[in-house]
Amino acid sequence: MTPAENIGFVIGGSLKEGLFVRLTVPAERIQEGAFVVIESNGLKFYGLVVNLSLKSYDPRYSQDLIAGRMSDKITTLLHNQTLFTEMEVLPVLMQNTGPELEDPNYDPNAVMDKSPMPVKTLPIHQAPVRLATEFDISEVFKPKEKNGFVIGTTREQGHPVHIDMDKFIQRSSGIFGATGTGKSYLTRMILAGLIQSKQAAVLVFDMHNEYAYGDISPDTDIKAPGLCEKMKKRVKSCALGASAKIAGNQPDFDLVLEYSDILPSDIEMLTRELNLRETTPATLSALVQSFGINKWFESFKNLTMGEGEGSVVDWARNNNVNEAAALSLYSKLERVFRLNYLVPKLTGPSSIVKIIDYLKNGYSVILSFGEYETDLDYLLVTNILTRKIREEWERMTNEYRNQGGVKPTPLVIALEEAHKLLNREMAGQTTFSTIAREMRKYFVTLLIIDQRPSQIYDEVMSQLGTRISGWLGDDEDIAAVLSGLSGRDSLRGMLARLQPKEEVLLLGYGVPMPIPIRSRRYDAQFWQEMLNEDELSATDKQKFREMIFDDF
Amino acid sequence: MTDTSMFGRILSSNIRECVVGYRTSESAIPPFGSMVRIPVSHAQQPEIYGLVTDIQIEEDGFLRQLATNDQVSEEVMLDARANRNVPVVLRILFIGYLENGNISHLLPPCPPLTLDNIYKCTNAEITAFTSFGNFGYIRHILKVTNVPPGELLAAHISQAAKAQFADNHFGWTERAINEVIYLMRDNYADLLAILGAIGDADISLDGEEEEQE
């Protein structure tokens, strides 16, 4: 490994404003978002280039066109000293490297914490600045344990960048990007990495039927494989509705719900979708009181719209319920009554129990909605399922903590089109907002995938630990992705100027510092590398050894 | 006459400069900007280096009479020029000195005495002095007041570049101009005037004179 070339030196700055660096190389060699390293008095500072500005020693040197008035060589010499580029660096991490071997203060027995930590001081004036090497990137991003996943490479030099899967699942996360920025392929890669790492089970709510058996890329017309095709042993496919298929493929099992699975709270969560009235909770409460918690839905469905015995009106009169309210609820619930995947009684084992059992045992499940693509289907099914998951994981966690039982398998629920369930109106009513806010301690987190992060409730967004974002055009979306993060003003421009395809910005808890990267391509090579991970690790180790020896 | 020959004597001096009376019997006046040396006659005194910043040719009473004549013969004219009553006067700016074999770009510790001899520098002396250190002597040139500093610098760099190139020292001119830019970049107008003068001197950055277009 050759020593990295210096690209400039520190000329000023502060912890609030960041560092100002005068470039000694042409500006075109440095890009916004580049990962730079500044070494100063036994400390190594890691930072991001957040701005480049053209400066001159005196404005007249840049304003007057002197070329032609003197020879090209003299003009070049003059420009080299009077015109320059100033680079703004957002320092994020610092690392104690200790004195050099030749330093008289060097103590071979000294114990020193050399892990990168948030920046708390500044390098000295004129400290040299260089682009990060592969070793630096590895030092910062590669987890110490074997739970790192290479999500992509740095944009300038192509050095691999890892995310720590262990940290990624500890808090809810989000993947954002405008349509066509490769969000769903990026999600597939991350899910593949997560499944491969065996850190967590994953439940994917697949609205567009693309995660289990893949789809045709609109850009290349090449089929992009699904997770069930490549990771059969660890991923189960499930389709909503009896005998449903997923893009022509037979799923491992299907999901059919019993009437008794539906609770009044599930209906209340559909208030917006079904345009329910304010009287609905009272009517639902009367129904439960009248028929019982397991039978209320079926019994209500079996009532008739007319007059007389067995009618809604008759039931309302007998139970002191407003007749108009009962009739209104009945008519609005008719959309739910007609859903094919709701049955009075299942003949076989419950599909929900099956899903939960798979997840508890570390398998991942992809629930495809098949032909049921309405918001009603999505809201109802996801709510019922997550409610039951939440109950089960809470029970298991309490057992684990109170009675020394088995630790629950960490679970990540991947949610596409998340704004439908987590918008300002819905967030307070769905189980998802509770998961985002509180379920971390019960080993359940969300992975939100969306193209309009500004539509997601602020309180949920603020709970997101790791955020991975592709290009976003809308200012409000950019602001939403960066909400609650330090240095967001500096990162805003970086996010807006990402290449629309393949470039993403990593932020938050799962990565030690924000960094724009070129994401891996979701192609045959990706799967080859994923499925031969052990072999790759050995190669990585060999490369690392070579780097170290070359350095010495 | 060789480059090393004496060409005059000190008439007056101070710590920054001196005035020299030129021996008109010599064949050529040292040109403006050329480097000279003054071995101070005191024992243990340094040898002072300087640049010719001015050449003054004044009239004497006899020349006024000659100038009013209708016809001046060639012999009379040559005699009047060679055997002057009032010498040609050169002004020398001190730029450093040599003491015990060590070059310094500081002003000399004491000025030369009157009637001390003054010599033109050889290429080797020019190369040794201008290659030493980091162009510290240029600061003296930039503060000269009796002539435009750009003109003086252009003349000096032109002479020194040739000496450096003759000694296979490439890149000296570029470093010298860089130093001038570094020292003068706060003063846009003066720097451009200096660079303009250097440009007009047709000095090649490789040490050779650029071909005239």
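Note on numbering: residues in each chain are counted from 1, in written sequence order. Key to labels: chains lettered from A, ligands numbered from 1, both in the order written. Two thresholds apply to this predicted model, a pLDDT of at least 70 for residue-level local features and 80 or more for giving and counting side-chain atom pairs, whereas whole-chain, interface and lining totals are computed over all residues. Each side-chain value is worked out from all heavy atoms of the structure, with water and hydrogens disregarded.

A look at the confidence of the model for chain B
All names here are of chain B.
No. 1: Across chain B, the average pLDDT comes to 87, with 92% of residues at 70 or higher.
No. 2: Per residue, pLDDT measures the predictor's confidence, with a range of 0 to 100. Numbering goes from the N terminus for both helices and strands, where a helix is a DSSP run of H or I of at least four residues and a strand is a run of E of at least two. Confidence, expressed as mean pLDDT per element, reaches its minimum in chain B at helix H1 (residues 61-68) with 79 and its maximum at helix H4 (residues 138-142) with 96.
No. 3: Residue contacts are counted whenever heavy atoms from the two residues lie within 4.5 Å of one another. Of the regions scoring below 50 in pLDDT, residues 207-213 engages in 13 contacts with residues more than four places distant in sequence or in other chains.

Things to note about the packing of helix H18 (residues 475-482) of chain A against helix H19 (residues 488-496) of chain A
Residue and element names in this part refer to chain A.
No. 1: The interhelical angle for the contact between H18 and H19, taken along N-to-C directions, is 130°, at an axis separation of 10 Å. Taken together, the axes of H18 and H19 are oblique relative to one another. Considering how the two elements wind past one another, H18 and H19 form a crossing that is right-handed. For the pair H18 and H19, contact is made by Asp 475, Ile 478, Ala 479, Val 481 and Leu 482 and by Arg 488, Leu 491, Arg 492, Leu 495 and Ala 496, respectively.
No. 2: Any residue outside Ala, Val, Leu, Ile, Met, Phe, Trp, Tyr, Cys, Pro, Asp, Glu, Lys and Arg is labelled polar, Gly included; the first ten of those are nonpolar and the last four are charged. Here the contact of H18 with H19 is composed, by residue class, of 7 nonpolar, no polar and 3 charged. The axes used here are C-alpha line fits, helices contributing only the stretch in contact, and every angle between their N-to-C directions lies in the interval 0 to 180 degrees. The scheme is simple: roughly parallel for angles under 35 degrees, roughly antiparallel for over 145, roughly perpendicular for 65 to 115, oblique for anything else. We call a crossing left-handed when the near helix sits turned anticlockwise from the far one by less than a right angle, and right-handed when that turn is clockwise.

Some thoughts on the interface of chain B and chain A
How big an interface is tends to be reported as the loss of accessible area on association of its parts.
No. 1: In this complex, chain B contributes 18 residues to the contact, which on the side of chain A involves 15 residues.
No. 2: Here the buried area means the combined drop in accessible surface, using a 1.4 Å probe, for two parts upon being joined, counting both sides. Here chain B and chain A share an interface that buries about 1,600 Å² over both sides, 63% of which is from carbon and sulfur atoms.
No. 3: Contacts described as polar in this section are N or O atom pairs within 3.5 Å, which, within protein, must combine one atom able to donate a hydrogen with one able to accept it, while residues neighboring in sequence count only if both atoms come from side chains. The interface formed by chain B and chain A holds 4 residue pairs in polar contact (both at pLDDT 80 or more) in total.
No. 4: Residue assignment for the side of chain B that touches chain A shows that the elements contributing at least two residues are helix H6 (172-184) and helix H7 (188-200) of chain B.
No. 5: Among the elements that make up the side of chain B that touches chain A, the one with the highest residue count is H7 of chain B (7 residues).
No. 6: Here the residues of the side of chain B that touches chain A are counted per class, giving 10 nonpolar, 4 polar and 4 charged.

Some thoughts on the packing of aromatic side chains
Given two aromatic rings, one states the distance between the centres and the angle between the planes to describe the pair.
No. 1: The rule is short: rings of Phe, Tyr and Trp, with Trp giving its six-membered ring, pair when the centres are within 6.5 Å, and they are stacked under 30 degrees, edge-to-face over 60, tilted in between. Tallied over the entire structure, the rule returns 26 aromatic pairs over all chains.
No. 2: Where Phe 300 of chain A meets Tyr 330 of chain A, the ring centres are 5.3 Å apart and the plane angle is 90°; that geometry is what we call edge-to-face. In this pair, Phe 300 of chain A is assigned in helix H10 (residues 296-302) and Tyr 330 of chain A in helix H12 (residues 323-337), connecting sequence segments 30 residues apart. Taken as a pair, Phe 300 of chain A and Tyr 330 of chain A share a single burial class, namely buried.
No. 3: A centroid spacing of 5.3 Å and a plane angle of 75° characterise the contact between Phe 526 of chain A and Trp 527 of chain A, whose relative ring orientation is edge-to-face. Considered together, Phe 526 of chain A and Trp 527 of chain A belong to a single accessibility category, that of buried residues.
No. 4: Whether a charge sits over a ring comes down to the Lys NZ or Arg CZ being within 6 Å of the ring centre and within 35 degrees of the ring normal. Sitting above the plane of the Tyr 509 of chain A ring, Arg 171 of chain A keeps its charged end 4.0 Å from the centroid.
No. 5: One cation-aromatic arrangement involves Arg 37 of chain B over Tyr 119 of chain B; the distance from NZ or CZ to the ring centre is 4.8 Å. Note on classification: 1.4 Å probe, protein chains only; a residue is buried when its accessible area is under 20% of the maximum for its type, exposed when over 50%, partly exposed between these limits.

Section: the state of the cysteines
No. 1: Cysteine sulfur atoms that pair up within 2.5 Å are treated as a disulfide. Using the criterion set out here, one finds 0 disulfides over all chains in the structure.
No. 2: With no disulfide partner, Cys 228 of chain A has as its closest neighbouring cysteine sulfur the one in Cys 238 of chain A, 10 Å distant.
No. 3: The class for Cys 228 of chain A is buried, based on a relative accessible area of 4%.
No. 4: Here Cys 18 of chain B is not cross-linked by a disulfide; its sulfur's nearest cysteine counterpart is in Cys 121 of chain B, at 12 Å.
No. 5: Looking at Cys 18 of chain B, the relative accessible area reads 1%, which means it is buried.

Regarding the environment of Thr 68 of chain B
No. 1: Tracing the sequence through the fold places Thr 68 of chain B in helix H1.
No. 2: Expressed as a C-alpha distance, the spacing of Thr 68 of chain B and Ile 118 of chain B, which sit 50 residues apart in the sequence, is 35 Å.

Description of the nonpolar core
No. 1: Formed by 145 residues in total, the largest nonpolar core has its most connected members in Phe 205, Val 336, Leu 342, Trp 393, Leu 422 and Leu 506 of chain A.
No. 2: Residue contributions to this core peak at 10 residues, all from helix H14 (residues 375-403) of chain A.
No. 3: Among the nonpolar cores identified, the runner-up in size contains 44 residues, and Cys 121, Ala 161, Tyr 188 and Leu 192 of chain B belong to it. We call a set of buried residues a nonpolar core when its members are Ala, Val, Leu, Ile, Met, Phe, Trp, Tyr or Cys and they connect through side-chain atoms within 4.5 Å of each other.

Notes on the sheet that holds strand S19 (residues 411-416) of chain A
Residue and element names in this part refer to chain A.
No. 1: Any two strands between which DSSP finds at least two bridges are classified as paired. Read across the open sheet, the 12 strands follow the order S9-S8-S23-S22-S21-S10-S20-S19-S11-S18-S14-S15; overall the sheet is mixed. Two strands close off the open sheet at either side, each with one partner strand: strand S9 (160-164) and strand S15 (253-255). Put simply, the sheet's adjacent strands are angled 30° from each other on average, direction ignored.
No. 2: Pairing of strand S14 (residues 235-240) with S15, which is carried by 3 bridges, proceeds in the parallel orientation. Bridge pairing in S15 places Leu 240 opposite Leu 255.
No. 3: Lying over the sheet, helix H16 (residues 431-438) contacts strand S11 (201-206), S19 and strand S20 (444-450), oriented at roughly 115° with respect to S20.
No. 4: On top of the sheet, H19 reaches strand S21 (466-469), strand S22 (503-508) and strand S23 (515-519); it is set at about 155° to S22, its chief contact.

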